[in-house]
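The lines below spell out each chain.
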Amino acid sequence: MPLTIPVGLAALLVLAMAYHRRRQCVGAAVMWWRRTRLTRQGDRLVRHSEVRDTLPFPPVEASEESVTLVRADDDVPVTTLGSMLEQESTSLGYLVALSAMNGAGLTGPGAENVTRAMVLELLAGRHMAARVLVPREDAVRLFGEEALHAANPGLVVLDTLQEVVTELEVEIVRRSGQRTDAGVPEGQSWLFVIASPGAAAERLHRIVQGGTEDLILGVFLGDWPYGITCTVDESGVILNLEGRSAPAWTAHRLAICAQAEAAWHLAGGD
């Protein structure tokens with residue numbers, strides 16, 4: 001009889017450990033499944049990506065010499081962002097796939113130009129229905145004051161990063177309540193947060209970690225230790241990818257867009 005209690009406690013301890021281990025395994029399997037499902041569309045875009053540089057944007061008349069301009073180490077002619085979209089040539093799939101793995105950070109001399117091109121592709125809506133949420137300071141940094149007056153309903157500029165974080169947390173609750181057994185509702189748009197994380201990095205990490213199931217992803221200007229950090233040069237070429245499960249995409253080129261061109265597109269340019 002004196003051994004009954006210790007044996008019972010030991011049995012309970014074993015059961016508790018087994019239950020905890022089972023939950024860990026199930027949680028890991030669920031996370032793998034979610035990431036696989038959420039990157040499927042990104043992978044599809046990657047398969048037909050043809051990533052190129054940009055030319056001066058309209059209404060500047062492109063001369064024959066500028067059209068045939070070729071980088072010294074590349075035999076692919078450059079093209080405008082507009083023609084890139086018309087030809088279905090895109091680098092959006094790379095960034096969608098990276099951001100689906102707990103968010104992605106962009107660093108290097110080409111980080112802002114790559115971010116601008118990504119936002120414009122998302123707003124164009126040719127590959128996926130999406131909204132882009134940006135704090136005012138980063139919107140001005142990327143697009144100038146034109147971003148604050150853009151008529152595009154897909155671009156949401158809020159005054160502060162704190163307001164962006166609050167909006168994202170509310171959106172997660174709203175989308176979670178709309179989820180069905182089959183997943184997200186039909187026609188649910190993707191929601192991308194574009195921001196310099198700063199002191200809000202931890203909260204943003206929790207948001208994109210918990211929001212991926214509801215199509216909420218994040219691309220951040222700066223290092224992103226919670227997911228993958230992508231370093232790009234001034235022409236958009238990926239120099240380095242750091243982070244767990246970082247893909248071998250070094251030397252791939254992402255689309256770029258200068259601030260003046262991006263502002264022109266936001267203002268309604270073709």
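Reference entry: report on the structure contained in this document. (Residues numbered from 1 in each chain as written. Predicted model: local features only at pLDDT ≥ 70, side-chain atom pairs only at ≥ 80, totals over all residues. Heavy atoms only, no water.)

### Remarks on the overall build of the chain
For the chain, the helix and strand inventory stands at 10 helices and seven strands. Across the 270 residues in the chain, those meeting the buried criterion constitute 46%. Considering only contacts in the chain between residues 6 or more positions apart, those separated by 24 or more positions represent 73%. As presented, the chain carries roughly 13900 Å² of accessible surface, and 57% of it is formed by carbon and sulfur atoms. (Helix = DSSP H or I, 4+ residues; strand = E, 2+ residues; numbered from the N terminus. Buried < 20%, exposed > 50% of the residue type's maximum accessible area, 1.4 Å probe, protein only. Contact = heavy atoms within 4.5 Å. Areas by Shrake-Rupley, 256 points an atom, 1.4 Å probe, with all protein chains shown as cover.)

### Let's talk about the pattern of salt bridges
Counting across every chain of the model gives six salt bridges. Close ionic contact of E112 with R116 constitutes a salt bridge, the shortest N to O distance being 3.2 Å. Placement of the pair is E112 and R116 together in helix 6 (residues 111-124), with a separation of four residues, close to one helical turn. Judged by relative accessible area, R116 falls into the buried class, the value being 5%. With a shortest N-O distance of 2.7 Å, R141 and E112 are connected by a salt bridge. Note that R141 is positioned in helix 7 (residues 136-143) and E112 in helix 6, a separation of 29 residues in sequence. (Salt bridge = Lys/Arg side-chain N within 4 Å of Asp/Glu carboxyl O.)

### Digging into the packing of aromatic side chains
Within the structure shown, the criterion is met by four aromatic pairs. With a centroid separation of 6.4 Å and 25° between ring planes, the pair formed by W190 and F192 is classed as stacked. Neither residue differs from the other here; W190 and F192 are each classed as buried. Taking the centre distance of 4.1 Å and the plane angle of 25° together, the rings of F220 and W224 count as stacked. Since its relative accessible area comes to 1%, W224 is described here as buried. Each member of the aromatic cluster is reached from another via a ring pair, and the members are F220, W224 and Y226. (Phe/Tyr/Trp six-rings, centres within 6.5 Å; stacked < 30°, edge-to-face > 60°.)

### Observations regarding the environment of M128
Inspection of the secondary structure puts M128 in the loop between helix 6 and strand 2 (130-135). Its relative accessible area of 5% is what places M128 among the buried residues. As a C-alpha pair, M128 and S189 span 61 residues in sequence and 7.8 Å in three-dimensional space.

### Quick notes on the sheet that holds strand 5 (residues 216-221)
Strand pairs in the sheet, formed through backbone hydrogen bonds, run parallel or antiparallel to each other. What the seven strands build is an open sheet, ordered 3-2-4-5-1-6-7; its pairing is mixed. With one partner strand each, in any of the chains shown, strand 3 (155-158) and strand 7 (238-242) form the two edges of the open sheet. Each strand axis lies, on average, 20° off the axis of its neighbour in the sheet, ignoring direction. Taken together, the four bridges between strand 2 and strand 3 define a ladder with parallel strand orientation. Residue pairing across strands places L133 opposite V156, the latter belonging to strand 3. Strand contacts of helix 9 (residues 201-211): strand 4 (190-195) and strand 5, with the helix running at about 145° to strand 5, the strand carrying the most contacts. (Pairing = 2+ DSSP bridges. Axes fitted to C-alpha atoms, helices over the stretch in contact; angles between N-to-C directions.)

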